[in-house]
Amino acid sequence: MATVKLHNVNKVYDGGVHAVHDFTIDINDREFIAFVGPSGCGKSTTLRMIAGLEEISYGEFYIDDVLMNSAAPKDRDIAMVFQSYALYPQMTVYDNMAYALKLRKVPKAEIDRRVKEAAAILKLTPYLNRKPRALSGGQRQRVALGRSIVRRPKVFLMDEPLSNLDAKLRVAMRSEIVRIHNEVGATTIYVTHDQIEAMTMATRIVVMKDGFIQQIGEPNEIYQHPVNLFVAGFIGTPAMNFLYGKLENGVFTPNGSEQTIKMSDDQMSLLKNYVNHGMVYGIRPENLIFQDDERFERYKDYSFSMKVEIIELLGDILNLHGKVGDNKVIIKMPNKYAVKVGDTIKMAIELPYARFFNKTTTNAIVEGHNDYEEIEVTKSLDEDNVTIIAKEKKGLAKLFDKLSKKK
Ligand code: ADP
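Everything numeric in this text was worked out from a predicted model, so none of it was measured.

Chemist: Which residues make up the nonpolar core, and what are the values?
Modeler: Formed by 47 residues in total, the largest nonpolar core has its most connected members in Met97, Val115, Leu122, Leu145, Ile177 and Ile235. The leading source of residues in this core is helix H3 (residues 108-122), at 6 residues. Setting aside its immediate chain neighbours within four residues, Leu145 contacts Val81, Leu122, Met158, Met173, Ile177 and Ile180. Core analysis: the next-biggest nonpolar cluster, separate from the first, contains 36 residues, Tyr281, Leu288, Ile289 and Phe304 among them.

Structure follows, in structure tokens:
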């Protein structure tokens, strides 16, 4: 049983790189949380602060409501699984798993019980007497997990544990790790740059960019209701289509295009503050309905056409690439229609899945929230105040930098 809380956790490295800003999350017991984001966004730094391998510059970190900021790594009851899982080559699988417990002077019978239990969960029982070199990549990765499981930590931390495996094995290990997590039941934090891993494995996802949390939510919530353009573009393959354009006279005109896209009454009511402003129309490739699809009829009033420039055949799926004005567009559809490069095709927008974003703030436009009012409020803040706040922030960063250099 372990809850993990991070409240306004920050990391300022020596030299002033502010790698993590105000990281705040309450993680429930048994949750499987994924930190996902592009390289350099601060995922590993956050994980290493939780493990105690990196000092927390400021903010608070709790395990089971006990403040852990200054606890030594070994006192945190945390196990970490890395992508490079160096097993001891001269030891058997059994001894690799038992080693940490032997060091801790756990009684032999207890070690035996725990190793055999972990081996059963990991389906490694037949291999306990083998050396690592006689195992497959996936089996070795499971032994690495086993070394952590036998310790019965409160929290598992995994830093891109699958990135050294080939594509097929990675897919298999994804569901293996989820199964193992369900059986062991320990709170798990999993770092990955691979949004598919995050989507398929986690109970909740934390999407990060440039050291800031962008969104925390269940996978489908993040997929269906991304809070901004970054999240919308990062989660999902191919990425969501973004049509930059303008809303006027009840229609949306994509930049550089002669075509207009009709808007529904509901959409117009949602977007009433955005008329004549630049905005972004977001629609996922699978929510564009091809002209020959029987569902086309239903949304045909909301359709547009595109010349097919590239066709990607993925077996069951076809991705057609083209352009609408200045905007690149991809439609993803079942591989059962005859289309060739150069064809001009029609596609309809599956209205319930259309999303809209403020071009200036990049935030999603949602009911009951007006971004433009917020911008006005921020602008009207006393200029001096803004400067003072900026100075204070800079000062703080310098102070922490100095403090960490002193140590
Ligand atoms: P991610 O795991 O998301 O790829 P990291 O947490 O490794 O990102 O890095 C976040 C930022 O902190 C990056 O800009 C990286 O260059 C910087 N960084 C990481 N480690 C150090 C360090 N020891 N000293 C200074 N900067 C660092």
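Chemist: So what's going on with the sheet that holds strand E4 (residues 58-63)? Residues and values would help.
Modeler: The strands that make up a sheet pair up through hydrogen bonds in the backbone, lying either parallel or antiparallel. A sheet is described by the order of its strands in space; here 4 strands give the open sequence E2-E1-E4-E5, paired in antiparallel fashion. Taken across any chain shown, the strands that pair with only one partner, and hence form the sheet edges, are strand E2 (18-27) and strand E5 (66-67). Bridge count for strand E1 (residues 4-12) against E2 is 6 bridges, and the pairing is antiparallel. Across the sheet, Leu6 pairs through a bridge with Ile25, a residue of E2. Contacting E1, E2 and E4, helix H1 (residues 43-51) crosses the sheet at an angle of about 115° to E1.

Chemist: Explain the pairing of strand E11 (residues 241-248) to me, using residue names and the numbers behind them.
Modeler: In terms of strand pairing, E11 meets strand E14 (residues 278-283) through 6 bridges, oriented antiparallel. The residue of E14 that forms the bridge with Phe242 is Gly282. Across 4 bridges, the pairing between E11 and strand E12 (residues 251-254) is antiparallel. Each residue of the ladder has a partner; that of Leu247, found in E12, is Phe252. Connecting E11 to the antiparallel partner E12 that follows it, the hairpin turn spans 2 residues, and Asn249 within it adopts a positive phi of roughly 50°.

Chemist: Can you break down the site of the ligand residue by residue, with the values?
Modeler: In the vicinity of the ligand, the contacting residues are Tyr13, Val17, Ala19, Pro38, Ser39, Gly40, Cys41, Gly42, Lys43, Ser44 and Thr45. Within the contact set of the ligand, an oxygen atom lies 2.6 Å away from a backbone nitrogen or oxygen of Gly40. Out of a free accessible area of 560 Å², the ligand has 60% covered by protein chains. It is H1 that contributes the most residues to the shell around the ligand, 3 residues altogether. Across the shell around the ligand, the residue classes break down as 5 nonpolar, 5 polar and 1 charged.

Chemist: Report on the environment of Thr46, specifying residues and quantitative values.
Modeler: The topology assignment puts Thr46 in helix H1. For Thr46, a relative accessible area of 0% puts it in the buried group. Note: C-alpha distance between Thr46 and Leu6 (40 residues apart in sequence) is 9.7 Å. Ignoring sequence-local partners within four residues, the contact set of Thr46 consists of Leu6, Val20, Phe23, Phe35 and Met208.

Chemist: Got a sec to walk through the pattern of salt bridges? Specific residues and values, please.
Modeler: Evaluation of the coordinates by the stated rule reveals 20 salt bridges. A salt bridge links Glu110 to Arg152; the shortest N-O distance between them is 4.0 Å. One end of the pair, Glu110, is in helix H3; the other, Arg152, is in the loop between helix H4 (137-149) and strand E7 (155-159), with 42 residues separating them in the sequence. Judged by relative accessible area, Glu110 falls into the partly exposed class, the value being 21%. Since its relative accessible area comes to 39%, Arg152 is described here as partly exposed. Members of the salt-bridge network, linked through shared partners, are Glu110, Arg113, Arg114, Glu117 and Arg152.

Chemist: For the pairing of strand E8 (residues 187-192), give the residues involved together with the corresponding values.
Modeler: Of all 6 residues that make up E8, 6 are buried, and the element is covered over most of its length. Neither face of E8 is left uncovered, since the one carrying Thr187, Ile189 and Val191 and the one carrying Thr188, Tyr190 and Thr192 both have all their residues buried. As judged from the 5 bridges shared by strand E3 (residues 32-36) and E8, these two strands associate in the parallel manner. Across the sheet, residue Phe35 finds its bridge partner in E8, namely Val191. Sheet topology places E7 next to E8; 5 bridges connect them, and they run parallel. Across the sheet, the residue bridging to Val155 is Thr187, located in E8. Note on the crossover from E7 through helix H5 (residues 167-184) to E8: the handedness is right-handed.

Chemist: An account of the environment of Gly245 is requested, with residue identities and associated values reported.
Modeler: Counting through the fold element by element, Gly245 comes out in strand E11. Look past the residues within four positions of Gly245 in its chain and what remains in contact with it is Phe252, Thr253, Pro254, Asn255, His277, Gly278 and Met279.

Basis of the calculations
- Residues numbered from 1 in each chain as written.
- Predicted model: local features only at pLDDT ≥ 70, side-chain atom pairs only at ≥ 80, totals over all residues.
- Heavy atoms only, no water.
- Core = buried A, V, L, I, M, F, W, Y, C linked by side-chain atoms within 4.5 Å.
- Buried < 20%, exposed > 50% of the residue type's maximum accessible area, 1.4 Å probe, protein only.
- Helix = DSSP H or I, 4+ residues; strand = E, 2+ residues; numbered from the N terminus.
- Contact = heavy atoms within 4.5 Å.
- Pairing = 2+ DSSP bridges.
- Axes fitted to C-alpha atoms, helices over the stretch in contact; angles between N-to-C directions.
- Near = heavy atom within 4 Å.
- Polar contact = N/O pair within 3.5 Å; in protein donor to acceptor, adjacent residues only side chain to side chain.
- Areas by Shrake-Rupley, 256 points an atom, 1.4 Å probe, with all protein chains shown as cover.
- Nonpolar A, V, L, I, M, F, W, Y, C, P; charged D, E, K, R; others polar.
- Salt bridge = Lys/Arg side-chain N within 4 Å of Asp/Glu carboxyl O.
- Right-handed = clockwise from strand over helix to strand, strands pointing away.

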